[in-house]
Amino acid sequence: LISLKMVDKITNTAGKFWRGVATPFVGVLKESKFLEKGILTPEEFVLAGDQLAHKCPTWRWESGKENLRNKNLPTEKQFMITRGVPCLKRIKDLQANEAAEEVEVDGDWIEAKPAFVVSEGGKETAKKEEDEVPDIDDIDNDEEEKKTEVKGKVVEDYFGDEPKDIEDLEGEDNVFAEAVMIENDANLIKSRTYDISITYDFYYQTPRLWIFGYDESGQPLTKELMFEDIMADYANKTVTIEKHPHMGINCASIH
């Protein structure tokens, strides 16, 4: 018997082949049909990308590989990309947390269990409902006070009673740079990261999302590892591994 996984693979392969053959015959959309059909012209895609880059500066246009550029898009605006988006947890961890927070009672009723917090020893304890959520301004003020105390102590220990010339602060003896470096290292959390890009799909005439991941050491993730961050219901169905149309590397494509 053919497994469902094999059926999905065959379907996706056939779909990619068909789109590759049919795309040149679809033609390039010239008139806007966004309100009627929800599709975009290449010009509308560029305008939307410009707006995204303006509102969210982490996004930017890229031209991609020269041999993969599409003549219907500006050379310097082939696709959009944002890099280094952190991914702290695997999908199985998130699903496990969801399952742990809900319990079925009295037939179809669902009762939410208290959220859990993990202590330094790794033990989970129920979070008290009456715990107040601190105001964001208070958090910012507390952090600034801590930083000020650290910097003040550094100044006092380094300078003492006698002032030193500013030139003495350069090079390896710059205790300020050392203090900042130590503080940053202590708070650094290593995680997987993803580059997320948006291209214009000339077959569907809509934007298309692509992701490419890196592990905690900055090494590219394999297909299997990237699927750890994608729900099983979507893997190899609405999320498939395909070659990026402008970078030529295998990415997870959401469609």
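All figures in this text were calculated on a predicted structure; none of them were measured in a lab.

Reading guide: rules and limits
- Residues numbered from 1 in each chain as written.
- Predicted model: local features only at pLDDT ≥ 70, side-chain atom pairs only at ≥ 80, totals over all residues.
- Heavy atoms only, no water.
- Helix = DSSP H or I, 4+ residues; strand = E, 2+ residues; numbered from the N terminus.
- Buried < 20%, exposed > 50% of the residue type's maximum accessible area, 1.4 Å probe, protein only.
- Contact = heavy atoms within 4.5 Å.
- Areas by Shrake-Rupley, 256 points an atom, 1.4 Å probe, with all protein chains shown as cover.
- Core = buried A, V, L, I, M, F, W, Y, C linked by side-chain atoms within 4.5 Å.
- Expected span 1.5 Å × (residues − 1).
- Arc of directions from axis to C-beta.
- Phe/Tyr/Trp six-rings, centres within 6.5 Å; stacked < 30°, edge-to-face > 60°.
- pLDDT = per-residue confidence, 0-100.
- Pairing = 2+ DSSP bridges.
- Axes fitted to C-alpha atoms, helices over the stretch in contact; angles between N-to-C directions.

Draft legend 1. The arrangement of the overall build of the protein in detail. The helix and strand inventory of the protein stands at 7 helices and 10 strands. Evaluated residue by residue, the protein yields a buried proportion of 24% over its 255 residues. A separation threshold of at least 6 residues defines the contact pool for the protein, and within that pool the share at least 24 residues apart is 49%. Per element, the accessible surface of the protein, about 18700 Å² overall, is 55% carbon and sulfur.

Draft legend 2. The arrangement of the nonpolar core in detail. Y194 and Y200 are the most contacted members of the largest nonpolar core, which has 24 residues in total. Secondary-structure elements contributing two or more residues to this core are α3 (42–55), β2 (79–87), β7 (192–201) and β9 (239–243). Take this core: its biggest share by element is 4 residues, from β7. Apart from residues no more than four positions distant in its own chain, Y194 is found in contact with T82, R83, G84, V85, C87, I211, F212, G213, L221, L225, M226 and D229.

Draft legend 3. View of α3. Taking 1.5 Å per residue as the helical rise, α3 with its 14 residues ought to reach 20 Å, and the 20 Å between its terminal C-alpha atoms agrees with that figure. Buried residues of α3: P42, F45, V46 and G49, and no others. Taken down its axis, α3 places every buried residue within 95 degrees of arc, on the same side. Exposed positions of α3 whose direction lies more than 90 degrees from the buried face are L47, H54 and K55.

Draft legend 4. Expanded view of the packing of aromatic side chains. The full count for this structure, using the stated rule, is 5 aromatic pairs. Relative to F202, the ring of Y200 lies with its centre 4.7 Å away and its plane at 80 degrees, an arrangement referred to as edge-to-face. Pair check on accessibility: Y200 and F202 agree, each one buried.

Draft legend 5. Highlighting unusual backbone geometry. Even without a glycine there, the phi angle at Q205 is positive, about 60 degrees. In this structure Q205 comes out as buried when scored by relative accessible area, which is 11%. Phi at N236 is positive, roughly 65 degrees, even though this residue is not glycine. Structurally, the position occupied by N236 is in the loop between α7 (223–226) and β9.

Draft legend 6. Just the confidence of the model for the protein, in detail. Residues with a pLDDT of 70 or more make up 55% of the protein, whose mean pLDDT is 77. Within the protein, no element has a lower average pLDDT than strand β5 (residues 116–118), which sits at 48, and none a higher one than strand β1 (residues 60–62), at 98. The low-confidence segment residues 117–124 (pLDDT under 50) makes 7 contacts with residues lying over four places distant or belonging to another chain. This model gives residues 178–182 a pLDDT under 50, and the stretch forms 1 contact once residues within four places in sequence are excluded.

Draft legend 7. Highlighting the sheet that holds β7. An order of β1-β2-β7-β8-β10-β9 is seen for the 6 strands of this open sheet, with the pairing classed as antiparallel. Of all the strands in the sheet, just β1 and β9 have a single pairing partner and so form its edges. Across this sheet, the average inter-strand angle for adjacent strands is 40 degrees, counted without regard to direction. With 6 bridges connecting them, β2 and β7 associate as antiparallel partners. Looking at the pairing, P86 lines up with T193 of β7. Sheet strands in contact with α3 are β1, β2, β7 and β8 (206–214), and its direction is about 150 degrees off that of β7.

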